[in-house]
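Chain residues, written in single-letter form:
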Amino acid sequence: MNTKYSVLEKYFGYTSFLPHQEEIVDAVLSGRDVLAVMATGGGKSLCYQLPALVFGGLTVVVSPLIALMKDQVDSLRANGIPAATINSSLGYGEQKIVERVILEGRIRILYVSPERAVQPFFLSLIAKADVRLIAIDEAHCISMWGHNFRPEYRRLRMLKERFPAVPVIALTATAIPAVQNDIAVELALSNPVRFVGSFNRKNLTYRVVPKARYFPRLVAYLTEHPNDAGIIYCFSQKATEELAKKLQDKGFSALPYHAGLPDSVRAEHQEAFSRGDVAIICATVAFGMGIDKPDVRFVIHTDLPKDIESYYQETGRAGRDGEPGDCILFYSRGDYGTIRYIIEKECTDATQKDVAYRKVGMMLDYCETTGCRRKFLLAYFGESYPEERCGGCDRCETPVKVFDGTEAASLVITCVHETGEQFGASYIADVLTGSKSNRIRENGHDRIPAYGSGRGYTRDQWLLFIQEMVGKGFVTSTGGRYPVLVSNDRSRAVLAGEIAVPLAEPRPDGVVAARVENDYDEALFLRLRQLRKVVADLDRVPPFVVFHDRTLKEMATSYPGTGVALLGIYGVSEAKLKRYGRRFLDAIEKHCAEHGIGPEQRSG
Ligand code: ADP
Ligand code: ZN
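Note that the coordinates shown come from a computational prediction; the quantities given were computed from them, not determined experimentally.

## Let's talk about the site of ligand 1
Near ligand 1, the surroundings consist of 16 residues, among which Y14, G41, S45, R320 and H548 are the closest. S45 is positioned such that a nitrogen or oxygen atom in its side chain is 2.6 Å from an oxygen atom of ligand 1. Starting from 570 Å² of accessible surface for ligand 1 in isolation, the protein chains cover 86%. Its residues assigned to classes, the shell around ligand 1 comprises 5 nonpolar, 8 polar and 3 charged.

Structural data, given as structure tokens:
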């Protein structure tokens, strides 16, 4: 009998469920409609793929992007699951073949685009098949509150109307409750069971690093992570090209990606990234939907994102396979100006503008927070993180040291005072560090005592001090679009020497991320990766369709010597054992012989 556990092992090569997966699978198997909200990498696909195998018959999956469908179908087939897709990329002949095998009951999982799913022809086709389950992937596309509204998703309620007895599962990674409600209503789900998982991405680490002269530090990071794939987000199209070029000159494998490139070039660069032919993509935010590469090891932002939603979504593309991922943001308050320019240009309506300013304000707060970054991000999405420190962000790894900042604070207050209480933080920091800007000269502020009085710290450090002083009420920010600093009672008390000002100690900004020691055999891992690339190219699929990194790492830990031992490894299904087992066992064998690794160290 095909119980859920035997299906899990046989077809997917896993021995247990991820959080929520089992409850979701149970609800689907009991015939209920389900709304599943799980973070990226939470394992949503399995929630309908596994029931599809237990149910038999046909499961129809609506998915927004052809590129994603293709990878999903390839992955399913590699696991011996009959899957297909019907979309506009198929020729007439191919489409007829797919239709025939559907009617013969030989397809278990069928992927279609939302446009296709509601066509009368398609509906009557699947009415003749034995449809047991309908899955709507990326279901937030149905909602205008979400970030990828697709009007054609609105018509999908037709599926429920046409097949009222077939359970529907809607899946999304979007956190906002308004979107969840929209999904349930717009798809006409009947009394759906809702599962909302945690949005915490445990395997990701978060770091914010000062942006000044970031390039050498970026190079240092990339040099320390030579075998890793990653995305570097830049604000402008030009910046992506320049950065890609500079990295190529340094010997890195990097390509640009942005909306200004011809479609064919864009597709080619994305494909090269997905196939592992190029390691680094320097991209604008146009690089997003359509990447489901699970082994992205880092997501770096060289410019400030416009809001936390975008930032979380972009960093969320790291580590979908559950392996570690680094999220690094090079931060300078100066980037705020660029975003302000965009907001002024693009937002016509006043409320819209206000919302945009409030959102970028939160992004600045994130960068400047002295507390745990993860806690901050989760709190933004309404989730409370139970621990004080997460251990996976720069704030928690090296907790902030507090020093007596009274002297520094006095310089800030004096400068605010001497410049007439009519300037914002950036200007004050410029005056303190003795900037040569015209504006300062024109205002005559290069002749006041405060000018250059703070050269002991950098401009970015002053900005952090000021932010903290505002937060603690030692100086007041008037808020609004162009916030101005003004002194208050506490400022006067500081100058009078009546109160002290504790501030967070500036930290050295050299090291981007600590290197983690591997506990697997790295030489074998690299060898297996090479083999995987060869095998994947032969099969014309991306490497992750063959095996995920975690699978190779487990092989490079237990050195399996037999097929049975290989089956015991994460992600090795029966179909993959048959197809790839011999070649991987041979490679492991050879490596063990060359390195004198004996049977006592090996499994199987
Ligand atoms: P999502 O669509 O939610 O982002 P995926 O369905 O792509 O997530 O799954 C994320 C990763 O988790 C994939 O690498 C997948 O192979 C893995 N995965 C899914 N289910 C399990 C499980 N039960 N045990 C171990 N790994 C799993
Ligand atoms: Zn933390």
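## Some words on the coordination of the zinc ion (ligand 2)
Distances from the zinc ion (ligand 2) to its protein donors, namely C372 (SG), C390 (SG), C393 (SG) and C396 (SG), fall within the range 2.3 to 2.4 Å. If you look at the zinc ion (ligand 2), its 4 donor atoms make angles of 98 to 119° with each other, and the shape they trace is tetrahedral. Mapped onto the sequence, the residues coordinating the zinc ion (ligand 2) show the spacing C-x17-C-x2-C-x2-C. A residue pair is termed long-range when its members are at least 10 positions apart, and C372 in the loop between α15 (350–368) and α16 (373–380) and C390 in the loop between α16 and α17 (394–397) qualify at 18 residues. As far as burial versus exposure is concerned, C372 and C390 are alike and both buried.

## Looking at the sheet that holds strand β7 (residues 193–196)
Taken together, 7 strands build an open sheet; the order of strands is β3-β4-β2-β5-β6-β1-β7 and the sheet is parallel. Since the sheet does not close on itself, it has two edges, and those belong to β3 (83–86) and β7, each with one partner. Ignoring which end each strand starts from, the neighbouring axes of this sheet average 20° apart. Summarising the sheet, strand β5 (residues 131–136) and strand β6 (residues 168–172) pair through 3 bridges and their orientation is parallel. Note on β6: the bridge partner recorded for A135 is I169. Across the sheet, helix α4 (residues 66–78) is in contact with β3 and β4 (109–112); its angle to β3 comes to roughly 160°. Along the sheet, helix α5 (residues 92–103) makes contact with β2 (58–62), β3 and β4, crossing β3 at roughly 130°.

## Points about the UniProt feature "transmembrane region" (unreviewed entry) in the protein chain
On the UniProt side, "transmembrane region" (unreviewed entry) is annotated at positions that read residues 48–68 here. Helix makes up 52% of residues 48–68 and strand 24%, whereas the separation of the span's terminal C-alpha atoms amounts to 16 Å.

## Quick word on helix α19 (residues 425–432)
With 7 of its 8 residues buried, α19 lies for the most part within the structure. Of all the residues in α19, the buried ones are A425, Y427, I428, A429, D430, V431 and L432. Elements in contact with the buried residues of α19: α18 (406–418), α20 (438–442), α21 (459–472) and β16 (485–486). Just downstream of α19 lies G434, where phi reads positive at about 70°.

## Some thoughts on the domain arrangement of the protein chain
Looking at the protein chain, the domain boundaries give domain 1 (3–196), domain 2 (204–397), domain 3 (402–504) and domain 4 (522–601). For domain 2 and domain 3, the distance between their C-alpha centres works out to 30 Å. The partner domain 3 presents 7 residues to the 14 residues of domain 2 that form the contact. At the boundary of domain 2 with domain 3, total buried surface from both sides reaches about 930 Å², with 50% on carbon and sulfur atoms. The largest share of the area that domain 2 buries against domain 3 comes from R333, R340 and E368, three residues that together contribute 47% of it. Run the count over domain 2 and domain 3 and you get 0 salt bridges. At the junction of domain 2 and domain 3, the tally comes to 0 residue pairs in polar contact (both at pLDDT 80 or more). Only α14 (335–346) and α15 provide two or more residues apiece to the side of domain 2 that touches domain 3. With 5 residues, α15 is the largest single contributor of residues to the side of domain 2 that touches domain 3. Looking at the side of domain 2 that touches domain 3, its residues break down into 5 nonpolar, 1 polar and 8 charged.

## Here's the deal with the sheet that holds strand β12 (residues 296–301)
Reading across the sheet, the 6 strands line up as β8-β13-β12-β9-β11-β10 and stay open at both edges, with parallel pairing between neighbours. Of all the strands in the sheet, just β8 (204–210) and β10 (254–257) have a single pairing partner and so form its edges. Direction aside, neighbouring strands of the sheet carry axes that sit 20° apart on average. Those strands touched by α15 are β8 and β13 (325–331), and its axis lies near 105° from that of β13.

Parameters at a glance
Along each chain, residue indices are assigned from 1 in the same order as the chain's sequence is written. Going through the entries in the order they are written, you letter the chains from A and number the ligands from 1. Side-chain atom pairs in this predicted model are given and counted only at pLDDT of 80 or more, local residue features only at pLDDT of at least 70, and totals for whole chains, interfaces and linings cover all residues. Note: side-chain values were computed over all heavy atoms of the structure, leaving out hydrogens and water. Each residue is tested against the molecule or strand, and it is near if at least one of its non-hydrogen atoms lies within 4 Å. Distance and chemistry together define a polar contact, namely a pair of N or O atoms within 3.5 Å, with one atom able to donate a hydrogen and the other to accept it when in protein, and with adjacent residues in sequence counting only for side-chain atoms on both sides. Methods summary: accessible areas were calculated by the Shrake-Rupley approach with a probe of 1.4 Å, and residue burial reflects only the protein chains presented. Ten residues, namely Ala, Val, Leu, Ile, Met, Phe, Trp, Tyr, Cys and Pro, are considered nonpolar, four, namely Asp, Glu, Lys and Arg, are considered charged, and the remaining ones, Gly among them, are considered polar. Coordination partners: N, O, S within 2.8 Å of the metal, 3.2 Å for Na, K and Ca; water not considered, so apparent gaps in a site are possible. Key to geometry: four donors with every angle between 85 and 135 degrees are tetrahedral; four donors are square planar and six octahedral where opposite donors lie over 155 degrees apart and all remaining angles lie between 65 and 115; all other sites are irregular. By the criteria applied, helices consist of DSSP H or I runs no shorter than four residues and strands consist of E runs no shorter than two, each listed in order from the N terminus. Under the scheme applied here, a residue whose accessible area is under 20% of the maximum for its type counts as buried, over 50% as exposed, and between as partly exposed, the area being computed with a 1.4 Å probe on protein chains only. Between any two strands, pairing holds if DSSP finds at least two bridges. Angular values range over 0 to 180 degrees, each being the angle between N-to-C directions of two axes fitted as lines to C-alpha atoms, with helices fitted over their stretch in contact. By definition, residues are in contact when any of their heavy atoms lie within 4.5 Å. UniProt positions are given in the numbering used here, feature names are shortened, and annotations may be inferred rather than shown by experiment. How far each domain reaches was decided by an automatic or database domain assignment. Joining two parts hides part of their accessible area as seen by a 1.4 Å probe, and the buried area is that hidden amount summed over both. Salt bridges are identified by distance alone: a Lys or Arg side-chain nitrogen within 4 Å of an Asp or Glu carboxyl oxygen.

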